[in-house]
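# Per-entry structural report
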Amino acid sequence: MSCSGAIGVFDSGVGGLSVLRHIRQILPHERLIYVADSGHVPYGDKSAPYIEARSLEISKFLVSQGADAIVIACNTATAAAAHSLRVRFSQLPIIGMEPAVKPAVAATKSRVVGVLATVGTLESARFAALLDKYAGHVKILTQGCPGLVEVVERGELHSLEARRLIERYTAPLLKQGADTLILGCTHYPFLAPMIRDVVGSEIALVDTGEAVARHLQQRINAELPPRVMGEASTQFFTSGDADQASRIMSLLWGEVVTASLLPQAVTQTTEVS
Ligand code: DGL
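Read on for an overview of the structure. Bear in mind that the values here come from a model prediction, so they are computed numbers and not experimental data. (Residues numbered from 1 in each chain as written. Predicted model: local features only at pLDDT ≥ 70, side-chain atom pairs only at ≥ 80, totals over all residues. Heavy atoms only, no water.)

### A closer look at the packing of aromatic side chains
As a reminder, the rule being used: Working definition: a ring pair exists when centres of Phe, Tyr or Trp rings (six-membered ring for Trp) sit within 6.5 Å. Plane angles under 30 degrees give stacked, over 60 give edge-to-face, the rest tilted. Helix and strand definitions here come from DSSP, where helices need a minimum of 4 consecutive H or I residues and strands a minimum of 2 consecutive E residues; each element is numbered from the N-terminal end. When accessible area is computed with a 1.4 Å probe and restricted to protein chains, residues below 20% of their type maximum are described as buried, those above 50% as exposed, and intermediate ones as partly exposed.
In the structure shown here, the tally under the stated rule is 3 aromatic pairs. Taking the centre distance of 6.4 Å and the plane angle of 55° together, the rings of Y34 and F236 count as tilted. Here F236 lies in strand β9 (residues 233-238) and Y34 lies in strand β2 (residues 31-36), a separation of 202 residues in the sequence. Since its relative accessible area comes to 6%, F236 is described here as buried.

Laid out in structure tokens, this is it:
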């Protein structure tokens, strides 16, 4: 017996595993295929057309592997590519993600919220629209975090460098009264213990991994034919070094993972500025 289809999930690198773990928990019988675009990480400082081209290549690969739903487990790629993916794959549920402004605005008591995210996300039109819609009278402070994604990609979650970067990026937000911090990049939940250690127990940390997994479940139930459930499986692919990806993914996923190299056509550098 096999599954009707698979759920394809991708990110610029290993960050999307912070979403995949919620998907695995909520949908324990599904076949999951994860792509880390490690050969092109980070997305945060790339142009929107570049990220859009990468997202299209990866999504074509996921569909070729049997994916009948796609999760963009990346805030930066959602901002750059969700629209084109929905046009190109109009028959599939395409689930994107964006910084959790709405729940953070509901949670803050100081009426000051800080958003930690990539520069690409913070500069996107999609993020501006999100603030227009949900910020209301709450003051939203934004903080790009260059270097944090790379720390997670190297698996250095408890390093001195991680701590220094987190101190540097959170200090101005706390100083201005933020009592709620949005983890607006899927890599950052892996740094949550260190962030908690730096900012203390009074500050709320908000991320969207679980909400995205629940939304995926609803979309599958509403839009796809009933699933024929088989044995759950999770496959991992990378466009970078397979040994390195296997090592870091195993660390973050909590069990031994073997990442396969994507086909050359999917891996190669996309010629977009
Ligand atoms: N994990 C990604 C996000 O949620 C992107 C990180 C990057 O490659 O810059 O934004």
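### What to know about the sheet that holds strand β6 (residues 139-144)
The test is simple: Paired strands are those between which DSSP finds at least two bridges. Helix axes are fitted to C-alpha atoms over the stretch in contact, other axes to C-alpha atoms as well, and angles between N-to-C directions run from 0 to 180 degrees. The contact criterion used throughout is that any non-hydrogen atoms of two residues lie within 4.5 Å.
Read from one edge of the open sheet, 4 strands run β6-β5-β7-β8, paired in parallel fashion. With one partner strand each, in any of the chains shown, β6 and β8 (204-206) form the two edges of the open sheet. Here the average twist between neighbouring strands, direction ignored, is 25°. In the sheet, strand β5 (residues 112-117) pairs with strand β7 (residues 180-183) via 4 bridges, with the strands oriented parallel. Within β7, the position partnered with L116 by the bridge is L183. Together, β5, β6 and β7 form the strand contacts of helix α8 (residues 160-175), whose direction differs from that of β6 by roughly 165°.

### As for the packing of α8 against helix α9 (residues 192-199)
Heads up, the condition is: Roughly parallel refers to an angle under 35 degrees, roughly antiparallel to one over 145, roughly perpendicular to one between 65 and 115, and oblique to any angle outside these ranges. A clockwise turn of the near helix away from the far one marks a right-handed crossing, whereas an anticlockwise turn of less than a right angle marks a left-handed crossing. In this classification, the charged set is Asp, Glu, Lys and Arg, the nonpolar set is Ala, Val, Leu, Ile, Met, Phe, Trp, Tyr, Cys and Pro, and all remaining amino acids, among them Gly, are polar.
The contact between α8 and α9 brings their axes to 10 Å, and the two run at 55°. The pairing of α8 with α9 is recorded here as oblique in orientation. Between α8 and α9 lies a crossing of right-handed hand. The residues of α9 that touch α8, namely those facing A162, R163, I166, E167, T170 and L174, are M194, I195, D197, V198 and V199. A per-class count over the contact of α8 with α9 returns 7 nonpolar, 1 polar and 3 charged.

### Side note on the pattern of salt bridges
The test is simple: The salt bridge criterion pairs a side-chain nitrogen of Lys or Arg with a carboxyl oxygen of Asp or Glu, the two atoms within 4 Å.
For the structure on display, the rule yields 12 salt bridges. Its salt-bridge partner being E30, residue R227 comes within 2.9 Å of it at the nearest N-O pair. With R227 in the loop between α10 (209-223) and β9 and E30 in the loop between α1 (17-26) and β2, this pair connects stretches of sequence that are 197 residues apart. E30 matches R227 in its accessibility class, with the two residues each being buried. In this structure, R154 engages E161 in a salt bridge whose closest nitrogen and oxygen atoms are separated by 2.9 Å. According to the relative accessible area criterion, R154 is partly exposed, its value standing at 35%.

### Looking at the sheet that holds strand β10 (residues 259-261)
Spatial strand order, β4-β3-β1-β2-β9-β10: 6 strands in an open sheet with parallel pairing. This sheet does not close on itself; its edge strands, each paired only once, are β4 (94-95) and β10. Its contacts with the sheet place helix α2 (residues 48-64) against β1 (6-11), β2, β3 (67-72) and β9, and it is angled at close to 155° to β1.

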